[in-house]
Amino acid sequence: MAFTLPALPYGFDALEPHIDAKTMEIHSQKHHKAYIDNLNKALESAPELASKDIVTLLREIKSVPESIRPAVINNGGGHHNHAFFWESMAPSAGGEPSGALSDAIKASFGDFAKFKETFKQNGLTQFGSGWSWLVWDPAAAALKAIKKPNQDSPLMEGLVPVLGVDVWEHAYYLKYQNLRAGYIDAWWNVVNWKKADEAYAAAKAGK
Ligand code: MN3
């Protein structure tokens with residue numbers, strides 16, 4: 001069963017003025033679509049993997065044949081990262097997390113402001129393309145802020161994404177040009193904390 005491009009949970013212009021409509025359209029319909037097409041192409045030679053969902057495929061990346069592993073890392077990671085990213089944003093969102101995730105962020109980072117600064121710095125200091133992530137680390141039973149190059153999924157190291165921001169230039173260049181910091185500052189206004197809280201609860205429950 002081939003992977004398909006998920007529909008955005010909102011219109012291309014829904015995140016304006018923070019994320020512009022043209023970027024959302026190209027990012028989802030061209031970039032994300034290409035990861036899915038290339039993932040499907042790579043998997044044609046490994047029918048034994050056809051029944052695995054994308055999370056399982058990435059968690060069990062070492063069981064993917066070496067001949068197609070780099071393609072699955074790049075394009076499977078690209079697919080899951082973007083599907084997760086669209087859900088992590090919403091119109092009329094932003095603000096601060098509440099409830100269990102808020103408490104966990106305070107426990108791991110001191111307070112929300114310190115978390116935001118760490119997460120932003122990870123995004124700014126990711127050289128070239130990549131992502132800044134807030135993940136649940138089951139082994140440490142704690143939240144962690146990490147950065148990853150390219151489309152490397154945290155799932156490949158047993159970490160569970162709670163929130164992530166795409167810092168590839170394609171995510172912001174049309175509106176922010178070289179100003180990655182301005183993009184990240186604006187991005188906080190569209191963070192869907194309800195989704196992040198759900199992702200945290202599911203991660204902590206081992207789902
Ligand atoms: Mn992207």
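Shown above is the structure to which this text applies.
The structure reproduced in this document is the subject of the present report. (Residues numbered from 1 in each chain as written. Predicted model: local features only at pLDDT ≥ 70, side-chain atom pairs only at ≥ 80, totals over all residues. Heavy atoms only, no water.)

What about the coordination of the manganese ion?
Expected angles at a metal are 109.5 degrees for tetrahedral coordination by four donors and either 90 or 180 degrees for octahedral coordination by six donors. To keep things clear, this is the line we draw: Ligating atoms shown are N, O and S within 2.8 Å of the metal, or 3.2 Å for Na, K and Ca, and water is not included, meaning a site may look less than complete. Where helices and strands are cited, they refer to DSSP runs of H or I of at least four residues and of E of at least two residues respectively, numbered from the N terminus. Each residue's exposure class comes from its accessible area (1.4 Å probe, protein chains only) as a fraction of the maximum for that residue type: buried when under 20%, exposed when over 50%, partly exposed otherwise.
Here the manganese ion is held by the protein donor atoms H27 (NE2), H82 (NE2), D166 (OD) and H170 (NE2), which lie 2.0 to 2.1 Å from it. Positions of the donor residues of the manganese ion, expressed as sequence spacing, correspond to H-x54-H-x83-D-x3-H. Of this pair, H27 sits in helix α1 (residues 21-43) while D166 sits in strand β3 (residues 160-166), and the two are 139 residues apart along the sequence. Here H27 matches D166 in class, with each residue buried.

Remarks on the packing of aromatic side chains
In plain terms, the rule: Classification of ring pairs uses Phe, Tyr and Trp, with its six-membered ring standing for Trp, and accepts pairs whose centres are within 6.5 Å; under 30 degrees between planes counts as stacked, over 60 as edge-to-face, and the remaining range as tilted. Here, a charge over a ring means that NZ of Lys or CZ of Arg falls within 6 Å of the ring centre while also lying within 35 degrees of the ring normal.
Using the criterion set out here, one finds 15 aromatic pairs in the structure. Measuring from centroid to centroid gives 5.3 Å for F85 and W131, while their planes differ by 85°, and the two rings are edge-to-face. Here F85 is found in helix α3 (residues 69-87), whereas its partner W131 is found in strand β1 (residues 130-137), with 46 residues between them in sequence. For the pair formed by F85 and W131, the shared burial category is buried. What links up through ring pairs into an aromatic cluster is the set F109, F112, F115, F119, W187, W188 and W193. Against the face of Y176 rests K175, its NZ or CZ located 5.8 Å from the ring centre.

Re the layout of surface pockets
Just so we agree on the cut-off: Cavity: a set of points on a 1 Å grid over the protein atoms alone where a 1.4 Å probe fits but cannot get out. Pocket: an open set with protein on both sides within 12 Å along at least five of seven lines, its lining residues, like those of a cavity, having an atom within 4 Å of a point. Grid points are joined across faces, edges and corners, and a volume is the space filled by probe spheres set on the points. For this classification, Asp, Glu, Lys and Arg are treated as charged, while Ala, Val, Leu, Ile, Met, Phe, Trp, Tyr, Cys and Pro are nonpolar and the rest, including Gly, are polar.
Estimates place the volume of the largest pocket at around 160 Å³. As for the largest pocket, its lining consists of V55, R59, H80, F84, L155, V160, P161, A199, A202, A203 and K207. The set of elements that each furnish at least two residues to the lining of the largest pocket consists of α2 (54-59), α3, β3 and α8 (193-204). The element contributing the most residues to the lining of the largest pocket is α8, with 3 residues. Per-class residue counts for the lining of the largest pocket are 8 nonpolar, 1 polar and 2 charged.

Here we look at the sheet that holds β3
Heads up, the condition is: Each pair of strands is called paired provided DSSP finds at least two bridges between the two strands. Here, axes are lines fitted to C-alpha atoms. For helices the fit covers the stretch in contact, and angles between N-to-C directions go from 0 to 180 degrees. Throughout, a contact is declared for two residues whenever any of their heavy atoms are within 4.5 Å.
The strand order across the open sheet formed by 3 strands is β2-β1-β3, and the pairing between neighbours is antiparallel. Across the chains shown, the open sheet's two edge strands, defined by having one partner strand only, are β2 (142-149) and β3. Put simply, the sheet's adjacent strands are angled 20° from each other on average, direction ignored. Relative to β2, β1 runs antiparallel, the two being bridged by 8 bridges. Note that in β2 the partner of S132 across the bridge is K147. Sheet contacts for helix α5 (residues 112-125): β1, β2 and β3; angle to β1, the most-contacted strand, approximately 140°.

Brief notes about the packing of α1 against α3
Formally: Throughout, a crossing is termed right-handed when the near helix is turned clockwise from the far one, and left-handed when it is turned anticlockwise from it by less than a right angle.
The interhelical angle for the contact between α1 and α3, taken along N-to-C directions, is 140°, at an axis separation of 8 Å. When the axes of α1 and α3 are compared, the crossing they make is left-handed. From α1, M24, H27, S28, H32, A34, Y35, I36, N38, L39, A42 and L43 reach across to α3, where they touch A71, V72, N74, N75, G76, G78, H79, H82, A83, F85 and W86.

Some details on the nonpolar core
Let me state the cut-off plainly: By convention a nonpolar core is built from buried Ala, Val, Leu, Ile, Met, Phe, Trp, Tyr and Cys residues, the set being connected through side-chain atoms within 4.5 Å. All the domain ranges listed were derived from an automatic or database domain assignment.
Core analysis: the largest hydrophobic core is formed by 46 residues, its most contacted members being L134, L143, W187 and W193. Looking at this core, you find at least three residues from each of domain 1 (21-87) and domain 2 (99-204). When sequence neighbours within four positions are dropped, the list of residues in contact with L134 reads L101, I105, F109, F115, F119, L143, K144, V160, P161, V162 and L163.

A short note on the pairing of β1
Residues in a regular strand project their side chains so that they alternate between the two faces of the sheet. Counting buried residues along β1, 8 of its 8 residues qualify, which places the element largely inside the surrounding structure. Residue alternation in β1 divides its side chains into two sets, G130, S132, L134 and W136 and W131, W133, V135 and D137, and both sets are buried. The turn linking β1 back onto β2 is made up of 4 residues, and A141 within it adopts a positive phi angle of 50°.

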